[in-house]
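Fold and geometry: a report
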Amino acid sequence: MQLGVCYYPEHWPRAQWAEDARRMHAMGIRVVRIAEFAWSVIEAEPGVFTWDWLDEAVETLHAAGLGVVMCTPTATPPKWLVDRMPDMVAIDLQGRPRGFGSRRHYCFSHAGYRAESRRISRAVAERYGQHPAVVAWQTDNEYGCHDTVLSLSESARQGFRRWLAARYTTIDALNTAWGTVFWSQVYRSFDEIDLPALTVTEAHPAHRLDWRRFSSDEVVAFNREQVAILRELSPGRPVSHNFMGFFTEFNHHDVAADLDIATWDTYPLGVTQMLFLSAEEKARWARTGHPDIPSFHHDLYRGMCRDGRWWVMEQQPGPVNWAHWNPAPEDGMVRLWSWQAFAHGAEVVSYFRWRQAPFAQEQMHTGLLRPDASEDQGAIEAAQVGAELAALTLDEAGPVRLAVQAPVAMVFDYAAIWMLQIQPQGADFNPLELQFRAYEGLRRLGLDVDLVPADADLSGYRLIVLAAQPQIGATLQASLEAAAARGAQIVLGPRAGSKSEHLSFPAGDSPTGHGLPPGSLAALAGMQVQRVASLPPGCAEPVVVGGQSVQITRWREDLALAEGTEVLAAFADGHAALTRRGPVRCVAGWLDTDGWQAVFTGAAADAGLAAQALPEGLRLSRAGDLLLAFNFSDRCLDAPALPTAAPLLGQRPLPPRGLAIWRT
Ligand code: GAL
């Protein structure tokens, strides 16, 4: 467990660097990420490289005992490059070229830019690949940020056609798979297929889904080219990329398959303001962030790379500049967020950024230091975490271990999100929110959760949740059958198994060859979905789950039940709202967090998991031999679930924004 920071030596006088490095180390910081936006300073003229400043920055950090995360600078191609190759920019969904003057203006599909990305990555890797200061690499910066995955460029169009030809081999196969007979969309060749945008009304869903898949694969290929260069020139040093929260424009599992460390950038207050949360929640969590937003992503990114390595690459240190409103964290939150990440298994928590920039776009975004180099609150709390880490690892029982193995798996599948975004069927059917509300329900019960891909090995889990999973692939189907056979509890959310991989109804044993949801899950679930309806705002349907009254809103399904399937909760009209068949529960509608919590209370009991409702704002994490408790509220909190023994750190009851750690 280490602290890190994001640093921009090119923004500051050289005379300042050594003092910055000294102060970082004194604060407990051990790794420093640099150079992800430095292309125009490294190569001010085409082919003319200026390395002396970066050499000196690296040496200065190294001399202070700091490790460097070196970046490829491809998120910010310089002006001279765009001028030379104007068609390298992405084209937005209104058909407009993305302009120069901010960042991420390139199109992933442009062959010329891909060559430039390899060229500059090679130059940086040749220079620093063997440098003893370099402890890790980062490719690019936040792929997809500012809506930059989907591009309507000519390069993307040509690339999409090649991608389709490789996937379907013949145009007839594509026509059949998509169902292009609808609205006379039958194609004669792959060269006739355009990008599914700017159509008169909704474009074909299968066409859109494949475009999402293609666009995701372009990000994967772009990243893979850089990774190959870094592995060649800097063997043995881990390669990472910094992903974003609630961002699903490309398949992160696919990108992470080429990385050693998944990192992500956590801005809890900014995201709380920008997200689907209610106005009441945004106000309640304005200065702490919603407690489950960071951990949802910690649990997602822990499942990305083969051996579970993950970091926070950018941690919010104070108010940011980019949300609708940018409140200040309560004192103590920077420390709490840092420990929350470690509790979920982070190796490194790195703050963004060392010092607030006095100029340019992000001058209103705080850093650990203010623009005049004085310490802001973030610095005080980072130093506290640094001191606590040093003290904890010296505990007499030996080094603290934070390997996380959760008893609950929630499947998080990017293609599933795309499918439900393409055909929401109700304006507020937001699959990310559905996932998040289910997760929140689990976390309110103190359950530890792994967010896993659809092809994950599910054999170690006692409770498996598919909150938003329309397509059930063969691997997932087999995993669920095996899990049910060994008695693991399974909870299926609305729309489970409702679609094929081409976003049509699932195949079935009927005269038409099509079946009804939940498709291949029908035998396990013991039910069939006969009709679905989205519910406009205000159309809530109350149901009672485990003695608790909860609301179904936004979506409901009418089920036909197989013999022997139990009804655990029913709508007022008598239709089943929650069913159970053996270890499999099915939820026939959209639940809010209270509803999910009620469903999971029963499922956790059947799974033999000790779940108990925690007071609002209290969260627990078990990590290795530790139990960690976090208080996000502004009251002192206690709970019967907390150990009576003296904590290694903190106290019981927990003060507002306090944390406590026990060795169990
Ligand atoms: C991230 C980005 C950083 C910085 C930060 C501000 O999205 O990676 O470069 O812009 O947000 O909060």
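In the block above lies the structure referred to throughout.
Quick notes on the rules
- Residues numbered from 1 in each chain as written.
- Predicted model: local features only at pLDDT ≥ 70, side-chain atom pairs only at ≥ 80, totals over all residues.
- Heavy atoms only, no water.
- Near = heavy atom within 4 Å.
- Polar contact = N/O pair within 3.5 Å; in protein donor to acceptor, adjacent residues only side chain to side chain.
- Areas by Shrake-Rupley, 256 points an atom, 1.4 Å probe, with all protein chains shown as cover.
- Helix = DSSP H or I, 4+ residues; strand = E, 2+ residues; numbered from the N terminus.
- Contact = heavy atoms within 4.5 Å.
- Buried < 20%, exposed > 50% of the residue type's maximum accessible area, 1.4 Å probe, protein only.
- Pairing = 2+ DSSP bridges.
- Phe/Tyr/Trp six-rings, centres within 6.5 Å; stacked < 30°, edge-to-face > 60°.
- Lys NZ or Arg CZ within 6 Å of the ring centre and 35° of its normal.
- Disulfide = S-S within 2.5 Å.
- 1 Å grid on protein atoms, 1.4 Å probe; cavity = no way out; pocket = protein on both sides within 12 Å on 5 of 7 lines; lining within 4 Å.
- Points joined across faces, edges and corners; volume = space filled by probe spheres on them.
- Nonpolar A, V, L, I, M, F, W, Y, C, P; charged D, E, K, R; others polar.
- Axes fitted to C-alpha atoms, helices over the stretch in contact; angles between N-to-C directions.
- Parallel < 35°, antiparallel > 145°, perpendicular 65-115°, else oblique.
- Left-handed = near helix turned anticlockwise from the far one by under 90°.
- Salt bridge = Lys/Arg side-chain N within 4 Å of Asp/Glu carboxyl O.
- Core = buried A, V, L, I, M, F, W, Y, C linked by side-chain atoms within 4.5 Å.

1. Brief notes about the site of the ligand
Inspection of the region around the ligand gives F37, R103, N141, E142, D265, Y267, E314, W322, F352, E362 and H365 as its neighbouring residues. At 2.8 Å from an oxygen atom of the ligand is found a side-chain nitrogen or oxygen belonging to R103. With respect to the ligand, the side chain of E314 contributes an N or O atom lying 2.8 Å from an oxygen atom. Protein burial of the ligand: of its 310 Å² of free accessible surface, 95% is covered by the chains.

2. Brief notes about the environment of Y187
Relative to the helices and strands, Y187 resides in the loop between helix 7 (171-178) and helix 8 (205-233). Separated by 16 residues in the primary sequence, Y187 and I171 place their C-alpha atoms 6.9 Å from one another. The contacts of Y187, once residues within four sequence positions are left out, are I171, L174, N175, W178, T180, E192, I193 and H207.

3. Here we look at the pairing of strand 5 (residues 239-244)
Here strand 5 lies mainly inside the structure; 6 of its 6 residues are buried. Of the two faces of strand 5, the one holding V239, H241 and F243 and the one holding S240, N242 and M244 are both buried throughout. Both strand 4 (residues 134-138) and strand 5 contribute to a ladder of 2 bridges, which runs parallel. For W137, the partnering residue across the bridge sits in strand 5 and is V239.

4. Topic: the packing of aromatic side chains
Enumeration according to the criterion identifies 37 aromatic pairs in this entry. Residues F160 and W163 carry aromatic rings whose centres are separated by 6.3 Å and whose planes lie at 25° to one another, so their mutual orientation is stacked. Highlighted residues: F160 and W163, both in helix 6 (residues 154-168), separated by 3 residues, approximately one helical turn. Looking at W163, the relative accessible area reads 15%, which means it is buried. Linked through ring pairs, W39, Y106, F108, Y113, Y143, F222, F243, F247, F250, W264 and Y301 together constitute an aromatic cluster. R355 extends its terminal NZ or CZ atom over the ring of W12, reaching a point 4.0 Å from the ring centre. Between the NZ or CZ atom of R495 and the centre of the ring of F429, over which it lies, the distance is 4.5 Å.

5. Quick word on the state of the cysteines
For the coordinates displayed, the defined rule picks out 0 disulfides. Unpaired in this structure, C145 has its nearest cysteine sulfur neighbour in C6, at a distance of 14 Å.

6. Concerning the layout of surface pockets
Considered as a void within the structure, the largest pocket measures approximately 1500 Å³ in volume. Surrounding the largest pocket, 50 residues form its lining, R103, E142, C145, H146 and E362 being those nearest its centre. Contributing elements (two or more residues each) for the lining of the largest pocket: helix 2 (39-42), strand 6 (261-266), helix 10 (268-274) and helix 16 (431-444). Of the residues contributing to the lining of the largest pocket, the split by class is 23 nonpolar, 17 polar and 10 charged. Considered as a void within the structure, the second largest pocket measures approximately 930 Å³ in volume. Forming the boundary of the second largest pocket are 39 residues, of which H253, P453, A454, D455 and A456 lie nearest the centre. Counting only elements with at least two residues in the lining of the second largest pocket, the list comes to helix 8, helix 9 (252-256), helix 15 (414-422), strand 10 (449-452) and helix 17 (474-485). Of the residues that constitute the lining of the second largest pocket, the class distribution is 16 nonpolar, 10 polar and 13 charged.

7. Points about the sheet that holds strand 20 (residues 618-623)
Sheet architecture is open: 3 strands sit in the order 20-21-22, paired in antiparallel fashion. In the strand order of this sheet, the two ends are held by strand 20 and strand 22 (659-663), each with one partner. Taken pair by pair, the neighbouring strands of this sheet meet at an average axis angle of 15°, ignoring direction. Pairing of strand 21 (residues 626-631) with strand 22, which is carried by 5 bridges, proceeds in the antiparallel orientation.

8. Digging into the packing of helix 12 (residues 292-301) against helix 13 (residues 333-343)
Between two packed helices, both the angle of their axes relative to each other and the distance between the axes serve to describe the pair. As a packed pair, helix 12 and helix 13 sit with axes 9 Å apart at the nearest point and diverge in direction by 30°. Relative to helix 13, the element helix 12 is oriented roughly parallel. By crossing handedness, the relation of helix 12 to helix 13 is classed as right-handed. Residue-level inspection shows P294, S295 and H298 of helix 12 in contact with helix 13, the latter providing W337, Q340 and A341. Among the residues making up the contact of helix 12 with helix 13, the classes are represented as 3 nonpolar, 3 polar and no charged.

9. A closer look at the pattern of salt bridges
Under the criterion given, the structure shown has 53 salt bridges. The partner of R554 in a salt bridge is E433, and the shortest N-O contact between them spans 3.0 Å. Here E433 lies in helix 16 and R554 lies in strand 15 (residues 548-561), a separation of 121 residues in the sequence. Accessibility assignment for this pair places R554 and E433 in one class, buried. Among the ionic contacts, a cluster of salt bridges with common partners joins E281, E433, R437, E440, R444, R554 and D594.

10. A few points about the nonpolar core
Within the largest apolar cluster, 179 residues are counted, with the highest numbers of intra-cluster contacts made by I29, I34, L54, M70 and W339. Apart from residues no more than four positions distant in its own chain, W339 is found in contact with V385, E388, L389, L392, L628, F630, L649, L659 and I661. With 19 residues, the next largest nonpolar core counts A156, Y168, I171 and W211 among its residues.

11. A look at the pairing of strand 9 (residues 408-411)
Side chains V408 and M410 project from strand 9 onto one buried face, and the interleaved A409 and V411 project onto a second face that is buried too. Pairing of strand 9 with strand 10, which is carried by 4 bridges, proceeds in the parallel orientation. Of the residues in strand 10, the one forming a bridge with M410 is L451. One ladder, built from 3 bridges, connects strand 9 with strand 11 (residues 463-466); its direction is parallel. Residue pairing in the sheet places A409 in a bridge with I464 of strand 11.

12. Thoughts on the sheet that holds strand 10
Taking strand neighbours across the sheet as the criterion, the 7 strands line up as 10-9-11-12-18-17-16 in an open arrangement whose pairing is mixed. With partners counted over all chains shown, the strands left at the sheet margins are strand 10 and strand 16 (566-570), one partner each. Direction aside, the axes of adjacent strands within the sheet are offset by 20° on average. Lying over the sheet, helix 17 contacts strand 9, strand 11 and strand 12 (489-492), oriented at roughly 145° with respect to strand 11.

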